[in-house]
Amino acid sequence: MNIDTVNQPGSVTSALRERVAEAIREAGGWLPFDRFMAIALYEPGLGYYANATPKFGQMPEGVAGQGSDFVTAPELSPLFGHTLARQVAQALAATGTDEVWEFGAGTGALALQLLDALTALGQAPRRYTIVDLSGSLRERQQATLARHADRVVWADRLPAVFDGVVIGNEVLDAMPVQLLRRVGGQDDGTWHERGVALADGVSLAWADRPTALRPPLDIEGPHDYLTEIHPQGEAFVRTLAERLVRGAAFFIDYGFPEAEYYHPQRHMGTLICHRAHRSDDDPLTDLGLKDITAHVNFTGIALAAQDAGMAVLGYTSQGRFLINCGLLEVAKDAGPRENAMLSKLVNEHEMGELFKVIGLAPAPSAEGWDPIGFSAGDRTHRL
Ligand SMILES: C[S@@+](CC[C@H](N)C(=O)[O-])C[C@H]1O[C@@H](n2cnc3c(N)ncnc32)[C@H](O)[C@@H]1O
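**Quick look at the environment of Asp291**
Okay, step 1: Here Asp291 is to be found in strand 15 (residues 291–293).
Okay, step 2: Along the chain, Asp291 and Ser279 lie 12 residues apart, while their C-alpha atoms are 9.3 Å from each other.
Okay, step 3: If sequence neighbours within four positions are ignored, Asp291 has contacts with Leu41, Tyr48, Tyr49, Phe70, Ile272, Cys273 and His274.
Okay, step 4: Among the polar contacts made by the side chain of Asp291, one reaches the side chain of Tyr49 at a distance of 3.1 Å.

**Digging into the sheet that holds strand 15**
Okay, step 1: On the basis of which strands lie adjacent, the open sheet formed by 3 strands has the order 14-13-15 and antiparallel pairing. Edge positions in the sheet fall to strand 14 (278–280) and strand 15, since each of these pairs with one other strand and no more. On average, each strand axis in the sheet is tilted by 30° relative to the strand beside it, whichever way the strands run.

**Points about the site of the ligand**
Okay, step 1: Near the ligand you find 19 residues, and of these Tyr42, Thr72, Gly104, Asp132 and Asn169 are the closest.
Okay, step 2: Considering the ligand on its own, with 600 Å² of exposed area, one finds that the protein chains cover 95% of that surface.
Okay, step 3: Here the ligand is seated within the largest pocket.
Okay, step 4: When its residues are assigned to classes, the shell around the ligand shows 12 nonpolar, 5 polar and 2 charged.

**Focus on helix 10 (residues 298–307)**
Okay, step 1: Of all 10 residues in helix 10, 7 are buried; the element is thus mostly enclosed.
Okay, step 2: Turning to helix 10, its buried residues number three or more, namely Phe298, Thr299, Gly300, Ile301, Ala302, Ala304 and Ala305.
Okay, step 3: The elements touched by buried residues of helix 10 are helix 8 (231–243), strand 12 (244–256), helix 9 (258–261), strand 16 (296–297), strand 17 (310–317) and strand 18 (355–362).
Okay, step 4: The N-capping residue of helix 10, defined by a side-chain oxygen 3.1 Å from the backbone nitrogen of Thr299, is Asn297.
Okay, step 5: Of the residues one or two after helix 10, Gly309 is the one with positive phi, at around 100°.

**Quick look at the packing of helix 5 (residues 78–95) against helix 6 (residues 109–120)**
Okay, step 1: Where helix 5 contacts helix 6, the two axes come as close as 8 Å, and the packing angle between them is 55°. Regarding the angle of helix 5 to helix 6, the classification is oblique. The two elements helix 5 and helix 6 meet at a crossing, and its hand is right-handed. Together, Pro78, Phe80, Gly81, His82, Leu84, Ala85, Val88 and Ala89 of helix 5 and Leu110, Gln113, Leu114, Asp116, Ala117 and Leu118 of helix 6 make up the contact between the two elements.
Okay, step 2: Within the contact of helix 5 with helix 6, the residues separate by chemical class into 10 nonpolar, 3 polar and 1 charged.

**Notes on the nonpolar core**
Okay, step 1: Counting 45 residues, the largest nonpolar core has Leu84, Val88, Ile167 and Phe250 as the members making the most contacts within it.
Okay, step 2: Counting residues per element, this core draws most heavily on helix 5, at 8 residues.
Okay, step 3: Setting aside its immediate chain neighbours within four residues, Ile167 contacts Leu84, Val88, Val100, Trp101, Glu102, Phe103, Leu110, Leu114 and Phe250.
Okay, step 4: The next biggest cluster of nonpolar side chains, apart from the first, holds 36 residues, and it includes Ala23, Ile39, Trp191 and Ile229.

**A few points about empty space enclosed by the protein**
Okay, step 1: Under the definition given, this model contains 2 cavities of 30 Å³ or more.
Okay, step 2: Lining the largest cavity are Leu172, Met175, His230, Gly233, Glu234, Val296, Asn297 and Ile301.
Okay, step 3: For the lining of the largest cavity, the class distribution of residues is 4 nonpolar, 3 polar and 1 charged.
Okay, step 4: In this structure, the second largest cavity encloses a volume near 40 Å³.
Okay, step 5: Around the second largest cavity sit Pro257, Glu260, Tyr315, Lys356, Arg379 and Arg382, which together line it.
Okay, step 6: Among the residues making up the lining of the second largest cavity, the classes are represented as 2 nonpolar, no polar and 4 charged.

**What about the packing of helix 8 against helix 10?**
Okay, step 1: Their axes nearest at 8 Å, the elements helix 8 and helix 10 cross at an angle of 35°. Here helix 8 and helix 10 pass one another in a crossing that is right-handed. Touching Gly233, Glu234, Val237, Arg238 and Ala241 of helix 8 are Gly300, Ile301, Ala304 and Ala305, all from helix 10.
Okay, step 2: Counted by class, the contact of helix 8 with helix 10 contains 5 nonpolar, 2 polar and 2 charged residues.

**What about the side chain of His148?**
Okay, step 1: Here His148 is to be found in the loop between helix 7 (135–144) and strand 6 (152–155).
Okay, step 2: Ignoring sequence-local partners within four residues, the contact set of His148 consists of Leu112, Leu115, Asp116 and Thr119.

**Thoughts on the environment of Trp101**
Okay, step 1: For Trp101, the location among the structural elements is in strand 4 (residues 99–103).
Okay, step 2: In the structure, Trp101 is positioned 43 residues away from Gln58 in sequence and 26 Å away in space, judged by C-alpha atoms.
Okay, step 3: Excluding anything up to four places from it in sequence, Trp101 contacts Thr129, Val131, Leu158, Pro159, Phe162, Asp163, Gly164, Val165, Val166 and Ile167.
Okay, step 4: Separated by 3.1 Å, the side chain of Trp101 and the backbone oxygen of Asp163 make a polar contact.

**Observations concerning unusual backbone geometry**
Okay, step 1: The backbone phi angle of Ala276 is positive, close to 50°, even though this residue is not glycine.
Okay, step 2: Assignment of secondary structure puts Ala276 in the loop between strand 13 (272–275) and strand 14.
Okay, step 3: Backbone geometry at Asp286 places phi at a positive 50°, although glycine is not the residue there.
Okay, step 4: Structurally, Asp286 is set in the loop between strand 14 and strand 15.

Cut-offs and rules
- Residues numbered from 1 in each chain as written.
- Predicted model: local features only at pLDDT ≥ 70, side-chain atom pairs only at ≥ 80, totals over all residues.
- Heavy atoms only, no water.
- Helix = DSSP H or I, 4+ residues; strand = E, 2+ residues; numbered from the N terminus.
- Contact = heavy atoms within 4.5 Å.
- Polar contact = N/O pair within 3.5 Å; in protein donor to acceptor, adjacent residues only side chain to side chain.
- Pairing = 2+ DSSP bridges.
- Axes fitted to C-alpha atoms, helices over the stretch in contact; angles between N-to-C directions.
- Near = heavy atom within 4 Å.
- Areas by Shrake-Rupley, 256 points an atom, 1.4 Å probe, with all protein chains shown as cover.
- 1 Å grid on protein atoms, 1.4 Å probe; cavity = no way out; pocket = protein on both sides within 12 Å on 5 of 7 lines; lining within 4 Å.
- Sits in = over half its atoms within 2 Å of the grid points.
- Nonpolar A, V, L, I, M, F, W, Y, C, P; charged D, E, K, R; others polar.
- Buried < 20%, exposed > 50% of the residue type's maximum accessible area, 1.4 Å probe, protein only.
- Parallel < 35°, antiparallel > 145°, perpendicular 65-115°, else oblique.
- Left-handed = near helix turned anticlockwise from the far one by under 90°.
- Core = buried A, V, L, I, M, F, W, Y, C linked by side-chain atoms within 4.5 Å.
- Points joined across faces, edges and corners; volume = space filled by probe spheres on them.

Just geometry here; none of it tells us what the structure is for.
Here's what the structure looks like:
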């Protein structure tokens with residue numbers, strides 16, 4: 001799809017809706033939500049992350065109506081990546097590796113920040129590999145990373161075995177989730193898997209089916225309950241654990257441990273859409289034009305990693321992690337505007353507390369060093 005076609009939002013939405021309708025018919029009339037989400041986000045040329053709309057940025061308005069939808073930490077301030085680079089540098093040295101692998105690199109902003117800072121620290125990686133499902137973003141990443149072109153390569157999938165330090169900022173939340181809905185209470189309620197069907201042969205509508213699937217925790221209370229489970233995110237971590245021989249991995253994202261995730265009061269789940277810096281809860285409209293995301297269950301991520309032989313290096317809030325990595329020193333010459341952005345990254349009521357960082361490593365690579373990012377305020381015991 002070229003950008004002219006994408007400039008006509010209705011055409012993306014109707015082509016994607018037709019693709020979803022076809023998938024529903026092929027599946028016998030009902031598509032589980034995770035398959036719907038995979039098409040809505042990643043269908044080649046059409047899905048939200050596969051089409052050419054701008055997505056990332058600080059402003060909803062852009063050139064010719066092509067504004068952005070949301071902002072991520074590396075888009076807010078380059079000092080995010082410059083600070084994270086200190087953790088990456090330590091992990092490269094401690095694990096005796098010389099490669100960085102970034103999943104879901106967006107515009108390439110974080111890669112640029114990491115490469116600039118690692119170079120300044122005298123620890124430029126031998127190779128920086130970007131693994132992204134999105135082909136359209138790859139062009140943007142190539143443009144952003146032109147000055148590090150000799151080190152950056154792209155991969156469509158992970159090799160069977162590899163070494164290095166893995167980074168993923170806001171990647172786990174973009175992986176398709178399954179939706180579970182309990183009708184009624186803890187004792188007499190029935191669980192359904194929520195999917196998508198065609199209401200009148202054309203329009204998309206929610207459709208629930210009885211299921212044996214359950215959230216990882218019992219949900220107390222007499223009320224209806226809607227939530228998500230994350231088999232794809234957990235399978236991703238298991239694959240990573242099976243293939244990363246030496247090194248470490250750091251994932252940064254919004255989410256909670258499972259006791260908080262499946263708290264009785266969180267009865268509407270965490271699924272949310274973002275478009276033009278506004279959020280809504282209806283993924284069935286404006287297909288391809290808005291991001292669809294769910295929070296991360298970090299307990300599930302930790303357990304998947306441990307089941308596949310990785311150790312948890314640490315788990316803490318983004319604010320604490322960045323301070324531990326030396327944000328205040330990195331930002332010592334920052335001006336007022338930069339400081340305002342940094343406050344957003346660390347303040348509890350902005351990104352500092354909702355966003356967490358989890359560190360993982362193949363068991364032998366976890367020995368003999370303490371990652372600086374978890375040096376104070378490690379919350380692994382809460383997972
Ligand atoms: C919310 S964006 C985050 C972009 C960037 N990391 C940032 O912080 O600005 C999510 C990105 O993850 C990518 N993604 C989702 N699932 C992936 C997977 N299994 N492997 C690689 N990339 C993935 C998407 O294509 C998209 O680029």
